[in-house]
Amino acid sequence: MTGTSHPIFARLYDPVMKPAERTVLADHRRYLVDEISGAVLDLGAGTGAMFPYISEATADGVDVTLFAIEPDPHMRRQAVERARELGLDIEIKSARAEALPFADDSFDVVIASLVFCTIPDFAAALSEVARVLKSGGEFRFLEHVRGEGAVGVAHDVLAPAWHTVAGGCHLNRETDEMFRDDDRFELVDYTQVEDVPQVVPIVRGTLKRRREGSILSQFV
């Protein structure tokens, strides 16, 4: 097993997540693809959990070009099969979020769903998102985050073991704070999801890529 190859985790992911997908996550995944258009990147597609929602959102002939990356070969294999079953025209590349194989200003929308918890170099990945997004482009996210109070302490204690068994997931990563503190983006929307157990808090939101001039103006 390597850092990007988790065959057991990949095989168990869909069965374990199925109850949450049905009862909690569906509406929030739809949020990520609401009125998408242009060039869209699914960052860390996993087994293709977003693909049914992308297919649904683009069913009426929306002008969209779809790409995805997934470094784990076992998850990527399942994602390719799911895209085929849905008849979804999406190019799925073997790549890491820290080194995206796309040119600057390539995408109108980048989607991340329950993926930044597993990325080893968070800062590098977010820099890559900023690089490939067009000015004014949107970064839409759905992520679990470190809890508060006693829950957060429990996350800190469990984090090392969780990282080992859960495909490299960082249980106690304060993903939302890192997103909101990045000056390259404007916070458009942010919501803490209320319909999930707070033992694993989940947030969703949208960041807009600032234009370079607007970033520099903050320091003048």
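Because the structure is a prediction, the values reported are computed rather than measured.

Points about the overall build of the chain
Scanning the chain from N- to C-terminus turns up 7 helices and 7 strands. In summary, the chain has a C-alpha radius of gyration of 17 Å against a globular reference of 17 Å for 220 residues, a match within 12%. Taking the principal axes of the C-alpha coordinates as reference, the chain spans close to 45 × 45 × 35 Å. Relative to its full complement of 220 residues, the chain shows a buried share of 47%. Contacts in the chain between residues far apart in sequence, at least 24 positions, make up 75% of those at least 6 positions apart. Carbon and sulfur atoms provide 54% of the accessible area of the chain, an area that totals close to 10800 Å².

Quick word on the packing of helix H1 (residues 7–33) against helix H3 (residues 73–86)
One way to put it is that H1 packs onto H3 with a least axis distance of 8 Å and a crossing angle of 35°. For the pair H1 and H3, contact is made by Pro 7, Phe 9, Ala 10, Arg 11, Tyr 13 and Asp 14 and by His 74, Met 75, Gln 78 and Arg 82, respectively. Partitioned by chemical class, the residues of the contact of H1 with H3 number 5 nonpolar, 2 polar and 3 charged.

Structural notes on the nonpolar core
In this structure, Phe 51 and Ile 90 are the most contacted members of the largest nonpolar core, which totals 30 residues. Mapped by element, the contributors of at least two residues to this core are H1, helix H2 (51–57), strand S2 (64–69), H3, strand S3 (90–93) and strand S4 (107–113). Among the elements that make up this core, the one with the highest residue count is H1 (9 residues). Once residues within four sequence positions are removed from consideration, Ile 90 is found in contact with Phe 51, Leu 66, Phe 67, Ala 68 and Ala 83.

Digging into the packing of aromatic side chains
Tallying each qualifying case throughout the model produces 11 aromatic pairs. Centre to centre, the rings of Phe 116 and Phe 122 are 5.1 Å apart; their planes meet at 65°, and the pair counts as edge-to-face. Each member of the pair Phe 116 and Phe 122 is classed as buried. Members of the aromatic cluster, joined through ring pairs, are Phe 116, Phe 122, Phe 139, Phe 141, Phe 179 and Phe 185. Above the ring of Tyr 190, the side-chain terminus of Arg 180 is found at 4.1 Å from the ring centroid. A cation sits over an aromatic face here: Arg 204 above Tyr 31, 4.1 Å from the ring centre.

A closer look at the sheet that holds S3
Read from one edge of the open sheet, 7 strands run S3-S2-S1-S4-S5-S7-S6, paired in mixed fashion. Since the sheet does not close on itself, it has two edges, and those belong to S3 and strand S6 (185–192), each with one partner. Pairs of neighbouring strands in the sheet enclose a mean axial angle of 15°, with direction left out of account. In the sheet, strand S1 (residues 38–43) pairs with S2 via 6 bridges, with the strands oriented parallel. Within S2, the position partnered with Leu 43 by the bridge is Ile 69. The strands touched by helix H4 (residues 122–132) within the sheet are S1, S4, strand S5 (133–144), S6 and strand S7 (202–209), with S5 carrying the most contacts at an inclination of about 145°.

Details of the environment of Val 115
Note that Val 115 resides in the loop between S4 and H4. Discounting residues that sit within four places of it in the chain, Val 115 has contacts with Leu 43, Gly 44 and Glu 143.

Section: the state of the cysteines
Following the criterion strictly, the structure yields 0 disulfides and no others. For Cys 117, which is in no disulfide, the shortest distance to another cysteine sulfur is to Cys 169 and amounts to 3.6 Å. What makes Cys 117 buried here is its relative accessible area of 4%.

Rules of the game
- Starting from 1, residues in each chain are numbered consecutively following that chain's sequence as written.
- Predicted model: local features are reported for residues with pLDDT of at least 70 only, side-chain atom pairs are reported and counted for 80 or more only, and whole-chain, interface and lining totals are derived from all residues.
- Excluded from the side-chain calculation are hydrogens and water; included are all heavy atoms of the structure.
- Under the DSSP-based scheme used, a helix requires at least four consecutive residues in state H or I and a strand at least two consecutive residues in state E, with every element numbered from the N terminus.
- The reference for a compact globule is 2.2 Å times residues^0.38; the radius of gyration itself is calculated from the C-alpha atoms.
- Note on classification: 1.4 Å probe, protein chains only; a residue is buried when its accessible area is under 20% of the maximum for its type, exposed when over 50%, partly exposed between these limits.
- Residue contacts are counted whenever heavy atoms from the two residues lie within 4.5 Å of one another.
- Using a 1.4 Å probe, the Shrake-Rupley method yields the accessible areas, and only the shown protein chains count as cover for residues.
- A fitted line through C-alpha atoms represents every axis, and for helices the fit uses only the stretch in contact; the resulting angles, taken between N-to-C directions, go from 0 to 180 degrees.
- Any residue outside Ala, Val, Leu, Ile, Met, Phe, Trp, Tyr, Cys, Pro, Asp, Glu, Lys and Arg is labelled polar, Gly included; the first ten of those are nonpolar and the last four are charged.
- Residues belong to one nonpolar core when they are buried, are Ala, Val, Leu, Ile, Met, Phe, Trp, Tyr or Cys, and are joined through side-chain atoms within 4.5 Å.
- Two aromatic rings from Phe, Tyr or Trp, using only the six-membered ring of Trp, form a pair when their centres are within 6.5 Å; if the ring planes differ by under 30 degrees the pair is stacked, by over 60 it is edge-to-face, and anything between is tilted.
- Two conditions define a charge sitting above a ring: the NZ of Lys or the CZ of Arg must be within 6 Å of the ring centre, and it must be within 35 degrees of the ring normal.
- Strands are labelled as partners when DSSP assigns at least two bridges between them.
- Our working definition of a disulfide is a cysteine sulfur pair at a distance within 2.5 Å.

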